[in-house]
Amino acid sequence: MALVSAKEMLQKAKAGHYAVGQFNINNLEWTKAILLTAEECKSPVILGVSEGAGKYMTGYKTVVGMVNGMLEELNITVPVALHLDHGSYEGAKKCIEAGFSSIMFDGSHLPFEENVEKTKELVAICNEIGTGECADPKECKAIADLGVTMLAAGIGNIHGKYPENWAGLQFDVLDDIQKLTGEMPLVLHGGTGIPEDMIKKAISLGVSKINVNTECQLSFAEATRKYIEAGKDLEGKGFDPRKLLAPGAEAIKATVKEKMEIFGSIGKAE
Ligand code: 13P
């Protein structure tokens, strides 16, 4: 199946009261592990690519080529969107050109007027070919009215591990945002380490996409460390990268599956 826009995927998730996971990719192993797990779980999935990861993989065209090749060679039948994560205006344009099926423009650091202008321009470009996302906590309604496909609003979530004294998600804010923005699918960033009950409550209040990155990185690193600490790389051809990276890839699969179960997207690929 070819890449699809995340728009329809998220509208379905919203109507079905579940969320689609965005799992960030860094290389071939991660992409393969996530796609195989989505296929096994019959779950729609969003592959997230930060600008840094895009650069690391040598550029957006390489990413598009790799993902499209895998969709075909691995016979992936579930809906897959390729999505720019926290993109700049220039990065978003490059990704659209390269063939990404979805973009997130992060204009949250810009003055609001400039955020609106740039978002408008990107929405217009995307509408011609069909993609789009935008983030801003306070002026959500104004941004939603620009015609974005999904909206990431800060509700106390952060990237990476949550500190001990984290106050939790601000559900009253989420509720207000959803009431103001109506049917707009909302996005929860920083999916790593959010307890299951909070995830479920967020979904019930309008979240249809949840981003996970650090948790896959931690699982990968832990499994790889265990492999090396057990001296497995020194046994036979254990140093072969295909063997060396295999435990990490399996660990990513387990994390992705666990998240898809919590998000409720398993079996929702139709
Ligand atoms: P975590 O790394 O905290 O899972 O956040 C991922 C994310 O929100 C990507 O935009």
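In what follows, the structure referred to is the one given above.
Residues numbered from 1 in each chain as written. Predicted model: local features only at pLDDT ≥ 70, side-chain atom pairs only at ≥ 80, totals over all residues. Heavy atoms only, no water.

(A) Looking closely at helix α10 (residues 214-229). Taking 1.5 Å of rise per residue, 16 residues should cover 22 Å, and α10 covers 22 Å from first to last C-alpha, within 8% of that figure. Among the residues of α10, Thr 214, Glu 215, Cys 216, Ser 219, Phe 220, Ala 223, Thr 224 and Tyr 227 are the ones counted as buried. Looking at the buried positions of α10, the neighbouring elements they touch are β1 (20-24), α2 (28-41), β8 (207-212), α11 (241-244) and α12 (246-263). Taken from the residues just after α10, Gly 231 is the one with a positive phi, measuring 75°. (Helix = DSSP H or I, 4+ residues; strand = E, 2+ residues; numbered from the N terminus. Expected span 1.5 Å × (residues − 1). Buried < 20%, exposed > 50% of the residue type's maximum accessible area, 1.4 Å probe, protein only. Contact = heavy atoms within 4.5 Å.)

(B) Molecular detail of the site of the ligand. Close contacts around the ligand come from 13 residues, with Asp 85, Gly 160, Gly 190, Thr 192 and Thr 214 the closest. Here the ligand loses 97% of its free accessible area of 310 Å² to cover by the protein chains. For the shell around the ligand, the secondary structure elements donating two or more residues are β3 (80-87) and β8. Across the shell around the ligand, the residue classes tally to two nonpolar, ten polar and one charged. (Near = heavy atom within 4 Å. Areas by Shrake-Rupley, 256 points an atom, 1.4 Å probe, with all protein chains shown as cover. Nonpolar A, V, L, I, M, F, W, Y, C, P; charged D, E, K, R; others polar.)

(C) Structural detail: the state of the cysteines. Here the structure, examined in full by the defined rule, presents zero disulfides. Cys 95 forms no disulfide, and the closest cysteine sulfur to it belongs to Cys 126, at a distance of 10 Å. (Disulfide = S-S within 2.5 Å.)

(D) Focus on helix α6 (residues 112-129). Taking 1.5 Å of rise per residue, 18 residues should cover 26 Å, and α6 covers 26 Å from first to last C-alpha, within 8% of that figure. Within α6, burial applies to Asn 115, Val 116, Thr 119, Leu 122, Val 123 and Cys 126. Across the axial projection of α6, the buried residues extend over an arc of 140°, all falling on one side. Seen from the buried face of α6, the exposed residues on the opposite side, beyond 90 degrees, are Glu 113 and Glu 128. (Arc of directions from axis to C-beta.)

(E) Region of the structure containing the packing of aromatic side chains. With the rule as written, the count across this model stands at three aromatic pairs. Plain terms: the ring middles of Trp 30 and Phe 220 are 5.4 Å apart, the flat faces sit at 40° to each other, and that makes the pair tilted. Separated by 190 residues along the polypeptide, Trp 30 in helix α2 and Phe 220 in helix α10 bring together distant segments of the chain. Phe 220 carries the same exposure label as Trp 30, and that label is buried. Between Lys 118 and the ring centre of Tyr 89, over which it is positioned, the NZ or CZ distance is 5.5 Å. (Phe/Tyr/Trp six-rings, centres within 6.5 Å; stacked < 30°, edge-to-face > 60°. Lys NZ or Arg CZ within 6 Å of the ring centre and 35° of its normal.)

(F) The packing of α2 against α12, seen in detail. Relative to each other, α2 and α12 sit at 40°, their axes nearing to 9 Å. Put simply, α2 runs oblique to α12. Of the two possible hands of crossing, α2 and α12 adopt the one that is right-handed. Between α2, through Trp 30, Ala 33, Ile 34, Leu 36, Thr 37, Ala 38, Glu 40 and Cys 41, and α12, the contact on the second element is made entirely by Ala 249, Ile 252, Lys 253, Val 256, Lys 257 and Met 260. In the contact of α2 with α12, the residues fall into ten nonpolar, one polar and three charged. (Axes fitted to C-alpha atoms, helices over the stretch in contact; angles between N-to-C directions. Parallel < 35°, antiparallel > 145°, perpendicular 65-115°, else oblique. Left-handed = near helix turned anticlockwise from the far one by under 90°.)

Bear in mind that shape data such as this cannot, by itself, settle questions of function.
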